[in-house]
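So you can see what is in the structure, the chains are spelled out below.
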Amino acid sequence: MAVDASTSARGDLILKNLTKSFGEFNAVDDLSLVIPKGSFFALLGPSGCGKTTTLRMVAGLEVPTSGSIFVGETDITEMKPYRRPVNTVFQNYALFPHLTIFENIAFGLRRRGITDAEVKTAVDKVLTLIELPELAGRKPNQLSGGQQQRIAVARAIVNRPALLLLDEPLGALDLKLRRQMQIELKWIQTEIGITFVHVTHDQEEAMTMADTIAVMNKGKIEQMGTPEELYDSPKTSFVANFLGQSNLIPGKVSGSDGDNLVVDLFGTKVSVPKSRNSATGDSVLVGVRPEKFRIALEGKATHGNVLTGAVVSDVSYIGVSTQYQVEMPWGKEVMVFEQNDDDEEMLRKGAKVVLSWEPIFTFALDGKDSATAGSN
Amino acid sequence: MVAFKTTSAKVFKLKDNKSTLPYLLLLPGLLWLVLFFIVPIFSLGQMSTKVAGADTGEFVQGYRFANYIDAFSASKEQFFRSFLYGILATLIALAIAYPLAYAIAFKSGKWKNVLLVLVVAPFFVSFLLRTIAWKQILGEEGPVVGVLRGLHLISPQTSITSSAFAVVTGLAYNFLPFMTLPLYASLERIDPRTLEAAGDLYANGITTFRKITLPLSMPGVVAGTLLTFIPAAGDYINATILGSPTSKMLGNVIEARFFKIVDYPTAAALSFTLMAAILILVTFYIRRAGTEELV
């Protein structure tokens, strides 16, 4: 029964045409994906998008309806969960309540027939890594949420799997602890160099930790890339809205100017870099992130893309920034985040303003996309 | 200042209420126990050391503790048989109830509630009737004997009623729900994700059961075995209806001493001995279970 997960399958995690159906419903729909060895990969999406099902198929807890899963050269699709070179950090940790922390962490090692002395060395080492060596003799229910979370990670990584799966690992922690654990998990991953596949619905969590994020929606991957790529150049309105906030304004391509497209937004011409246009036709959604806008009282000097005739309809001051809701001449509202980094006075509700931004911060999506898809 | 005083007085009163409330809630149960358990136990204790008086059925206090020795030596055989049958019935019930409770807790899906009702359904029929029914089932024309004879497991002459077999299986059958329900309750509490986690950490099905499921269900095993063993060891109905003279249990002796021979002191002494023996055994068992040595 001794499975040596440390030397068996190694390499990239490859999902080929993976599908999981529950009755008529395709939870995961023809998903193909390569997760490079050693990366911190996040599957991000709203609940019900199929991310957890994907993870459970990799762990061996769900059987795929079709498709296959490889770790390096090894096909693990049919492999029993306890034979896979994969370990999981479960959503609510699933620590063994009747075993001490030491025995919880040692569980996987003991199953693989490792000698007591080696088990002790390995467990002590991982407890030191997560900075909780004093907890070895305690039971899980004597630990705080954050400690349990770290033990759950330790219990998995002590086995040196090819792949560590994290299923919403920080969901049960409060905000402050979550931030701290995000940094810690990222640090642990860099330290031990195991591939981490992290499932979450929290875009901030994914962006903080992951090298690569795949945004999932309805069982498919909407877009995959580094956090910067996804944020700066979303390819669909779902990604644009799910990752941060976006102002999506419908427009028509009216011409071309060097590397830029000229788009007509309700009569105003704005420039969009061609490299950041993912629309195929003339009808587009022009996207600008709220913090990219500059907001100024009418009459002040502006440059770049400019939209005039806007009126501030709501102001909320949130410390680091001020959030403005601005009503545009065509009746729709846009969001503007302004850093509170100068002594300029806050604009008041009802003020007539001009919005401007650098063309380089503009992206364009297919006009057939729903402007509100993925907004949360 | 005045307002402050009133509030603090109110807070104090509230606290006061809270501290007496638990006792008030305990009161009805406590009264019940004193009236119907402590008082009878006390009078039974008194009875156990009495000696026969001038008339039949009249006993006077003689503080004769030798009653205990006499009673025990006269019914040693039944005494040990009670324990043996009790233990056997408990083991049989455990062997049947564990898989049943496991299936209900983890595998029954939408049938869970239906199955739980079926487990307690026998309680809708009186204990006595169920035992008589068991006699029919094991009887000459019943299905059990037919099958066993058909398989040549028993000879055509052998009957299985009026035997130790009938008594033990009868006990196991009658107390099965007492075993199943606590087992179910403790299995149901196990987070299925801990079982998945064990599989994720290289434990196969058997190892997962041995290392995770069984230890986590031990509270249910302990509760179930106690709830089965204690009444089974003290039972006399099964031995009366299903047994033979060679399968009498201590309950039968006590019954006979009380109602047929009218020897109250011996009956009382036996009752106490049985109670004490069960108590000692159970204490020992719980302590072992508490230290997880039973696993």
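Structure shown above.
Bear in mind the structure is a predicted one, so any value in this text is a computation, not a measurement.

Q: Explanation requested: the overall build of chain A in the structure shown.
A: Helix and strand content of chain A: 8 helices and 20 strands. Seen through its C-alpha atoms, chain A measures out along the principal axes to roughly 75 × 45 × 35 Å. Within chain A, buried positions represent 43% of all 376 residues. Of all intrachain contacts in chain A linking residues separated by at least 6 positions in sequence, the fraction that spans at least 24 positions is 68%.

Q: Before we go on, may I ask you to explain the interface of chain A and chain B in this structure?
A: One widely used convention gives an interface's size as the accessible area the parts lose upon coming together. If you look at the interface, chain A gives 18 residues, while chain B gives 15 residues. Elements with a minimum of two residues in the side of chain A that touches chain B: strand S6 (86-89) and helix H2 (101-111) of chain A. It is H2(A) that contributes the most residues to the side of chain A that touches chain B, 3 residues altogether. Taken together, the residues that form the side of chain A that touches chain B break down as 11 nonpolar, 5 polar and 2 charged.

Q: Can you help me understand the sheet that holds strand S8 (residues 195-200) of chain A in this one?
A: Pairing between the strands of a sheet comes from backbone hydrogen bonds, and it takes one of two forms, parallel or antiparallel. All names here are of chain A. Reading across from one edge, S6-S7-S8-S3-S9-S10 is the order of the 6 strands in this open sheet, with mixed pairing throughout. If you trace the sheet from one side to the other, it starts and ends with S6 and strand S10 (220-225), each paired once. Each neighbouring strand pair of the sheet contributes to a mean axis angle of 20°, computed without reference to strand direction. As paired elements, S6 and strand S7 (residues 163-167) share 4 bridges and run parallel to each other. Within S7, the residue paired with Thr 88 across the bridge is Leu 165.

Q: Whenever I open this one, the sheet that holds strand S4 (residues 66-71) of chain A confuses me. Can you help?
A: Residues and elements named next belong to chain A. Judged by pairing direction, the sheet is antiparallel, and its 4 strands sit side by side in the order S2-S1-S4-S5 without closing on themselves. At either margin of the open sheet sits one strand with a lone partner, and together these are strand S2 (25-35) and strand S5 (74-75). As paired strands, strand S1 (residues 13-22) and S2 are joined by 7 bridges and run antiparallel to one another. The residue of S2 that forms the bridge with Lys 20 is Val 28. Helix-sheet contacts for helix H1 (residues 51-59) involve S1, S2 and S4, and the interaxial angle to S1 is about 115°.

Q: Could you clarify how one ought to interpret unusual backbone geometry in this entry?
A: Negative phi characterises most residues that are not glycine, and trans characterises most peptide bonds. With phi around 45°, Glu168(A) is a residue other than glycine that occupies positive phi space. Here Glu168(A) lies in the loop between S7 and helix H5 (175-192). With a phi close to 60°, His152(B) is a non-glycine residue in the positive phi region. Mapped onto the elements of the fold, His152(B) is located in the loop between helix H6 (143-150) and helix H7 (164-188).

What counts, and at which threshold
Residues numbered from 1 in each chain as written. Chains lettered and ligands numbered in written order. Predicted model: local features only at pLDDT ≥ 70, side-chain atom pairs only at ≥ 80, totals over all residues. Helix = DSSP H or I, 4+ residues; strand = E, 2+ residues; numbered from the N terminus. Buried ≥ 20, exposed ≤ 12 C-beta atoms within 10 Å, placed from the backbone. Contact = placed C-beta atoms within 7 Å. Nonpolar A, V, L, I, M, F, W, Y, C, P; charged D, E, K, R; others polar. Pairing = 2+ DSSP bridges. Axes fitted to C-alpha atoms, helices over the stretch in contact; angles between N-to-C directions.

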